[in-house]
Each structure stands twice: as structure tokens, then as C-alpha cells.
Amino acid sequence: MSHSHDRYPYSAIVDRPAYDWPGGRRLALYLGVNHEVFDFGGGMGPQLAPSQTEPDVMNYAWRDYGNRVGAWRLIGLFDRLTLRTTALLNADVLDRCPGLAEACRDRGDEIVAHGGSNAKAQGSMFRPGEDRMIADVTDRLASLGVRPTGWLGPWISESRHTPDLLAKAGYRYVLDWAHDDQPTRLSTAHGGLLSVPYSQEINDLPAIVARHQEAEGFAGMIRDAVAQLLSECDRRPLVLGIALHPFIMGQAHRVPALARVLTELREADDPRIWWTTAGEIAAHVEANGLAA
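These numbers were taken from a predicted model, which means no experiment stands behind them.

The rules we used
- Within any chain, residue numbers begin from 1 and follow the written order of that chain's sequence.
- Local features in this predicted model are restricted to residues of pLDDT 70 or higher, and side-chain atom pairs are both shown and tallied only at a pLDDT of 80 or more, whereas totals for entire chains, interfaces and linings draw on every residue.
- Where side-chain values are given, they derive from all heavy atoms of the structure, hydrogens and water being excluded.
- Buried residues of nine kinds, namely Ala, Val, Leu, Ile, Met, Phe, Trp, Tyr and Cys, make up a nonpolar core once their side-chain atoms join them within 4.5 Å.
- For each residue, the accessible area found with a 1.4 Å probe, counting protein chains only, is set against the maximum for its type, and the residue is called buried under 20%, exposed over 50%, and partly exposed in between.
- Elements are defined by DSSP. Helices are runs of H or I of four residues or more, strands are runs of E of two residues or more, and each kind is numbered from the N terminus.
- Should any heavy atoms of two residues lie within 4.5 Å, those residues are considered in contact.
- By definition, a salt bridge exists where a carboxyl oxygen of Asp or Glu is found within 4 Å of a side-chain nitrogen of Lys or Arg.
- Think of it this way: DSSP has to see at least two bridges between two strands before they count as a pair.
- A helix is expected to span 1.5 Å multiplied by its residue count minus one.
- As used here, the arc is the angular range of directions from the helix axis to the C-beta atoms.
- Here a Phe, Tyr or Trp ring, Trp counted by its six-membered ring, pairs with any other such ring whose centre lies within 6.5 Å, and the pair is stacked when the planes are under 30 degrees apart, edge-to-face when over 60, and tilted otherwise.
- Lysine and arginine charges are scored as sitting over a ring when NZ or CZ, respectively, is within 6 Å of the ring centre and within 35 degrees of the ring normal.

**Q** What exactly am I supposed to notice about the nonpolar core here?
**A** Across soluble globular proteins, you tend to see nonpolar side chains buried next to one another. Formed by 40 residues in total, the largest nonpolar core has its most connected members in F78, F218, I222, V226, L240, L258 and L262. Breaking this core down by element, the ones donating at least two residues are β1 (27–35), α1 (57–80), α6 (204–210), α7 (215–232), β8 (238–244), α8 (246–249) and α9 (255–268). Counting residues per element, this core draws most heavily on α7, at 9 residues. Setting aside its immediate chain neighbours within four residues, V226 contacts L27, L29, L240, L265 and I273.

Next up, the structure:
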């Protein structure tokens, strides 16, 4: 069995050519908002607390709160701050949460494919079924008016074939690989596929559910990450994706902390920051022949 993925070679970030983001900016910052659905009475799903029985009403309803309330609370915040997001959409949201995906589209968010639902990890699928799932998800999300060019696997899970299948299906980039602070190229059987950074650290799910932090701690992580990356970006262009889940950061007691840190960053109006989407990052890299 091979111990290498053979998708990208080692490359130290200090050894790469420098380049700019549009307008001479140096830190690309985007909000990746996970709009997800789960199965009732089974399947995978984050837990607020251990379940005692099935159906797990407590955890299912907690997750569903994000679609019914939390997402709309976050959309209100993003509207006030005039922030577009990268909307990471399970295709099943179209049927199970009517109007949510359309609201993301109508406010100008980028639509990124995030599998069918988050009740099953993508990496557990056999190749023919995964291929069909990618095609089905792509077609359903394209009904919103724009075919998605980016993919985030449910549970950040890939099979051995996922990058090959995504490239074959016409995807430009994937968000699953959190191995760098710059876009990099993945080798596939159907040409190159960009990996755009998506943080597993500046991510409310592991920070709050797994590590038991609260909103102020997570907001502090955002502040510190941005400050550190700004201190480095004169030497190299960087990317920070802030990953949010409406059933976590869309809770009433957590939104104020998120609002404060995003307001601070917006009002600082640092000329080095490019507020953008994952797709615009990928498009800039492709148009200018950038990324190792």
C-alpha cells in the first residue's frame, strides 16, 4: 500500500515566487458558510451532547435550527457588513429548506457544492456511486443559475478517486485539503485541480464542539490569525477561509462576538485585505498562471 497520496509535492512556503491578489492586496479573506442537512433517525451528524436514544431528537433539532433560524441571522449580519460569502451547499438544501439556497444566490454569494447531505461521509462511497453523486449534486445546484466550480466534501472526506472525479466533472477547485496558506495544484487523472485553503482551525465546528471553546474564544482566534497573517503577507500572498456553521455561530448568544470581530476588520479597512470568495481566489490564480 502506498504511503503517498501523489497529489502534490512538498514545497516550503518560504521558497515560492511572490505575487499579489487583485489591487495589490496580500491577504485573501473569505467566509465559508456551511449550509447542511442531516437525516432524522440515523446517519452522521455533529452532536451538542451524547444522544441517549434514537431517533436523536435533541441533536437533529439543534442542527436543523441552523437552517430555520441561524442562517437567516447570519445573513442579516453579512448584509449589514456588505459581505458576500462562499455558500457551501448540500444539494438536499434545495428540497428540504426551500428559499435558503435561493437567498444565498440572490445576495450574490458564491455557490459551492458540498455533496448531497452531511448524513454520510463522501470517502465511504465506491467510485461509481461517488461519480453519480457528484453529477447529481452538480446538476441540482446548477438549477440555481450558475454551475458550481468549487467542491467541499461532506465531512471533509474523500475517497482515493475524489480529485480525479471532480476534475473529470469540470470542477476548478476543491476545499478539502487544509495543507497550506496558499492555493496549490493537485495532480489528477484529468488534469490539474486547485486546492484553495479552507481552515480546519479557524472553523467553529472543531473549535466550539470538539474543543469546547465559546464564541469570544473563537472570535479571538479570528483576530489573532488575521493579525499574524498580515504580519507575514508583505513577504508572500496568503489566504484565510473562516469556516462557519449556522447551527453553531448562528446561535443568538454567539452572533454578537462574531459581529464584533467582523465589524472591527471591516472598519479597519486594511488595504492589504481582499474580501473575496473561494471561487474568486481560484479564478485569479488560474487567470494569472499562479500556484505551484
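And the narrative resumes.
**Q** Just to check I follow, could you spell out the environment of I222 for this structure?
**A** Within the secondary structure layout, I222 lies in helix α7. We classify I222 as buried; its relative accessible area is 0%. In this structure the C-alpha to C-alpha distance between I222 and F247, which are 25 residues apart in sequence, comes to 19 Å. When neighbours within four sequence positions are excluded, I222 is seen to be in contact with I202, I242, L258, V261 and L265.

**Q** Quick question: what am I supposed to make of the pattern of salt bridges here?
**A** When charged atoms on two side chains of opposite charge get close, those side chains can pair. According to the stated counting rule, one finds 20 salt bridges in the structure shown. Among the ionic pairs, D95 bridges to R140, the shortest N-O distance being 3.7 Å. Of the two residues, D95 is situated in helix α2 (residues 93–96) and R140 in helix α4 (residues 127–142); the sequence distance between them amounts to 45 residues. The class for D95 is exposed, based on a relative accessible area of 58%. Where R107 meets D109, a salt bridge forms, and the shortest distance between an N and an O atom there is 2.6 Å. Looking at D109, the relative accessible area reads 8%, which means it is buried.

**Q** Whenever I open this one, the pairing of strand β7 (residues 191–195) confuses me. Can you help?
**A** A regular strand carries its side chains on alternate faces of the sheet. Pairing geometry for strand β5 (residues 173–174) and β7, over 2 bridges, is parallel. Counted as the bridge partner of V174 is S195 from β7. Here strand β6 (residues 184–188) runs beside β7; their pairing, made up of 5 bridges, is antiparallel. Each bridged residue has a counterpart across the sheet, and for T188 the counterpart in β7 is G191.

**Q** Help me understand α7, please; the structure alone is not making it clear to me.
**A** Helical geometry note: an α-helix holds 3.6 residues per turn, so side chains three or four residues apart project in the same direction. The terminal C-alpha atoms of α7 lie 26 Å apart, and with 18 residues this matches the ideal 26 Å at 1.5 Å per residue to within 8%. All of the buried residues in α7 are A215, F218, A219, M221, I222, A225, V226, L229, L230 and E232. Relative to the axis of α7, the buried residues are bounded by an arc of 160° and lie together on one face. If you follow the buried residues of α7, they end up packed against β1, α6, β8, α8, α9 and β9 (273–275).

**Q** For this particular structure, what's the right way to read the packing of aromatic side chains?
**A** Working definition: an aromatic ring pair is given by the centre-to-centre distance plus the angle between the planes. Counted under the stated rule, the structure contains 7 aromatic pairs. Measuring from centroid to centroid gives 5.4 Å for Y19 and W21, while their planes differ by 90°, and the two rings are edge-to-face. Residue Y19 is classed as buried on the basis of its relative accessible area of 12%. Measuring from ring centre to ring centre gives 5.2 Å for F40 and Y60, while their planes differ by 75°; the resulting arrangement is edge-to-face. Placement of F40 in the loop between β1 and α1 and of Y60 in helix α1 is noted, with a sequence separation of 20 residues between them. An aromatic cluster is defined as three or more aromatic residues linked by ring pairs; in this entry it consists of Y19, W21 and W274. If you follow R63 out to its NZ or CZ, it ends over the ring of F38, 4.8 Å from the centre. Geometry around W275 places R266 over its ring, the cationic atom sitting 5.1 Å from the centre.

**Q** It is not clear to me how the pairing of strand β3 (residues 110–113) should be interpreted in this structure. Could you clarify?
**A** Burial of the side chains of β3 extends over both faces: E110 and V112 are buried on one face and I111 and A113 on the other. Bridge analysis of strand β2 (residues 86–89) against β3 gives 4 bridges, and the strand direction is parallel. Looking at the pairing, L89 lines up with A113 of β3.

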